[in-house]
Amino acid sequence: MRVATITLNPALDLTGQLNTLTVDSVNLIDQASLTPGGKGINVARVLSDLGTKSTVSGWLGDENQDPFVHLFEQIDARDEFLRQRGTTRTNVKLAEINGRVTDINFPGMAIDHQAVQQMEKKLTELVADHQWFVLAGSLPRGVSPTLYQRWIELLNKQGARVIFDSSADALNYGLEAAPYLVKPNEHELAQWIGHELNDENEIIKAARQLINKGITHVLVSRGSDGVIWVTEQQVVKAKPPKMNVVSTVGAGDSMVAAMTHALTQGWDVTKSVTYATAVSALAVTQVSVGIGDQSKLESLIEQIQLSELPNT
Ligand SMILES: Nc1ncnc2c1ncn2[C@@H]1O[C@H](COP(=O)(O)OP(=O)(O)O)[C@@H](O)[C@H]1O
Ligand SMILES: O=P(O)(O)OC[C@H]1O[C@](O)(COP(=O)(O)O)[C@@H](O)[C@@H]1O
């Protein structure tokens, strides 16, 4: 079974590692890498390492597509990206030795009405032979912030299961369509609910409001504090051990990928949350996403602290 991952605003990630970033000054990079990314593409990459095949789609610029096409071949992803005239954006990630990461994300290509219609047609084709869809990332310029909402509704009607990870207005509108699973981080959840979330109880209360909208799984990711997973019946918290952070870029995508893998395998919440926390914690120890070392993942799984919280 292939999972369809949709990346409407992909990016080449230019990551530079340096000692300390100083604004208003010349900064020298010690190590650099340029990798094809964007949320759904990162998810497809991790899925491949976990043993789940994917179909990748969205909008890709035709002028700098080679690294993407090469990656899709490498991970055996079915390439259903629509080509647009122009270049896919490059996002800059500056990773300091203390683990701090500065993201400089560019807006991406402008997308016109015709391209939106073509993508909608592509989704209706893909839903014929895919049950699981990952819709992830920001929206490019030129499209309505309600686009995810419309497309989640469309996919829901066709009986697909949508895993959704976005931000800002695209997230807020998309949540209204009740995807199957959402993974806001704490800040995105706070922004959606309209106030700060000061403790676990407030996080659970906010997540519960999403469950009440008809969303089945709400995973609130909390950086080094791990994740709180809320369903109608259960609230589970998972915390990773202290990690040696190289770059947190792609940690959220790794979590979404591991969750998707777990759900398609039919694993229960406890097994899934442990696995997803371990896969995402492993991601912070490396610059790019993926499972470099299976034995490290297995040892991390053993170190995840799991607790069941009251279902308030
Ligand atoms: N510093 C860290 N140490 C260990 N695990 C981390 C760290 N940062 C992130 N993670 C793992 O990655 C997951 C997603 O990270 P988070 O920063 O919350 O998401 P996003 O990148 O979407 O903002 C976390 O829930 C956690 O399991
Ligand atoms: O789609 P957005 O929100 O503009 O973010 C795109 C960026 O997010 C990433 O997918 C990383 O995401 P996470 O760190 O949240 O996992 C990068 O590859 C990419 O540059």
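Conventions used here
Residues numbered from 1 in each chain as written. Chains lettered and ligands numbered in written order. Predicted model: local features only at pLDDT ≥ 70, side-chain atom pairs only at ≥ 80, totals over all residues. Heavy atoms only, no water. UniProt positions renumbered as here; feature names shortened; annotations may be inferred. Helix = DSSP H or I, 4+ residues; strand = E, 2+ residues; numbered from the N terminus. Rg over C-alpha atoms; globule rule 2.2 N^0.38 Å. Buried < 20%, exposed > 50% of the residue type's maximum accessible area, 1.4 Å probe, protein only. Contact = heavy atoms within 4.5 Å. Phe/Tyr/Trp six-rings, centres within 6.5 Å; stacked < 30°, edge-to-face > 60°. Near = heavy atom within 4 Å. Areas by Shrake-Rupley, 256 points an atom, 1.4 Å probe, with all protein chains shown as cover. Nonpolar A, V, L, I, M, F, W, Y, C, P; charged D, E, K, R; others polar. Polar contact = N/O pair within 3.5 Å; in protein donor to acceptor, adjacent residues only side chain to side chain. Core = buried A, V, L, I, M, F, W, Y, C linked by side-chain atoms within 4.5 Å.

- In the annotation of an unreviewed UniProt entry, the protein is listed under the name Phosphofructokinase and assigned to Celerinatantimonas diazotrophica.
- Annotation of the protein in UniProt includes, under Sequence similarities (unreviewed entry), the sentence "Belongs to the carbohydrate kinase PfkB family."
- Here is the UniProt Function (unreviewed entry) comment for the protein, exactly as written: "Catalyzes the ATP-dependent phosphorylation of fructose-l-phosphate to fructose-l,6-bisphosphate."

1. A few points about the overall build of the protein
Then step 1. Helix and strand content of the protein: 10 helices and 15 strands.
Then step 2. What you see for the protein is a C-alpha radius of gyration of 18 Å, in line with the 20 Å of a compact globule of 312 residues.
Then step 3. For the protein, the spread of C-alpha atoms along the principal axes amounts to about 50 × 50 × 40 Å.
Then step 4. Across the 312 residues that make up the protein, the buried fraction comes to 56%.
Then step 5. Within the protein, residue pairs in contact and separated by at least 24 positions form 66% of the contacts whose partners lie at least 6 positions apart.

2. Points about the packing of aromatic side chains
Then step 1. In the structure shown here, the tally under the stated rule is five aromatic pairs.
Then step 2. Ring centres of F72 and F81 lie 5.4 Å apart, and the angle between their planes is 5°; this geometry places the pair in the stacked category. Comparing F72 with F81 shows no difference in burial state: the two are buried.
Then step 3. With a centroid separation of 4.9 Å and an interplanar angle of 85°, the aromatic rings of W267 and Y275 are classed as edge-to-face.

3. Regarding the site of ligand 1
Then step 1. In the vicinity of ligand 1, 17 residues are found, and the nearest of them are N185, S221, G223, G226 and S280.
Then step 2. Expressed as a share of its isolated accessible area of 550 Å², the protein-covered part of ligand 1 is 84%.
Then step 3. Listing elements by their share of the shell around ligand 1, those giving two or more residues are α8 (251–265) and α9 (269–283).
Then step 4. When the residues that make up the shell around ligand 1 are grouped by side-chain class, the tally is seven nonpolar, eight polar and two charged.

4. Observations regarding the environment of A136
Then step 1. Take A136: it is sitting in strand β9 (residues 132–136).
Then step 2. Put simply, A136 and V182 are 46 residues apart on the chain and 9.9 Å apart in space, counted from C-alpha to C-alpha.
Then step 3. Apart from the residues within four sequence positions on either side, A136 is in contact with I6, T7, K39, G40, Y148 and D165.

5. So, the side chain of T274
Then step 1. Within the secondary structure, T274 sits in helix α9.
Then step 2. With residues up to four places along the chain from it excluded, the contact list for T274 reads I301, I304 and L306.

6. A short note on the site of ligand 2
Then step 1. Near ligand 2 there are 17 residues, and of these D13, N91, S138, G250 and D253 occur at the shortest range.
Then step 2. In this structure, K39 approaches ligand 2 through a side-chain N or O atom, which is 2.9 Å from an oxygen atom.
Then step 3. Within the backbone of G252, a nitrogen or oxygen atom sits 3.3 Å from an oxygen atom of ligand 2.
Then step 4. Relative to its unbound accessible surface of 490 Å², ligand 2 loses 87% to contact with the protein.
Then step 5. For the shell around ligand 2, the secondary structure elements donating two or more residues are β2 (11–18), α1 (39–50), β7 (90–96) and α8.
Then step 6. The element that contributes the greatest number of residues to the shell around ligand 2 is α8, accounting for three residues.
Then step 7. Per-class residue counts for the shell around ligand 2 are three nonpolar, nine polar and five charged.

7. As for the environment of T52
Then step 1. Residue position: T52 is located in the loop between α1 and β4 (54–61).
Then step 2. In this structure T52 comes out as buried when scored by relative accessible area, which is 5%.
Then step 3. Placed 213 residues apart in sequence, T52 and Q265 show a C-alpha to C-alpha distance of 9.4 Å.
Then step 4. Not counting the four nearest positions on each side in its chain, T52 is found in contact with M1, V3, L47, H261, T264 and Q265.
Then step 5. Of note is the side chain of T52, whose polar atom sits 2.7 Å from the side chain of H261.

8. A short note on the nonpolar core
Then step 1. With 48 residues, the main nonpolar core has L8, W59, F133, L135 and W151 as its most contacted residues.
Then step 2. Excluding residues within four positions of it along the chain, W151 makes contact with L8, W59, V116, M119, E120 and L123.
Then step 3. Of all hydrophobic cores here, the second largest spans 38 residues; its members include L47, Y180, V236 and V279.

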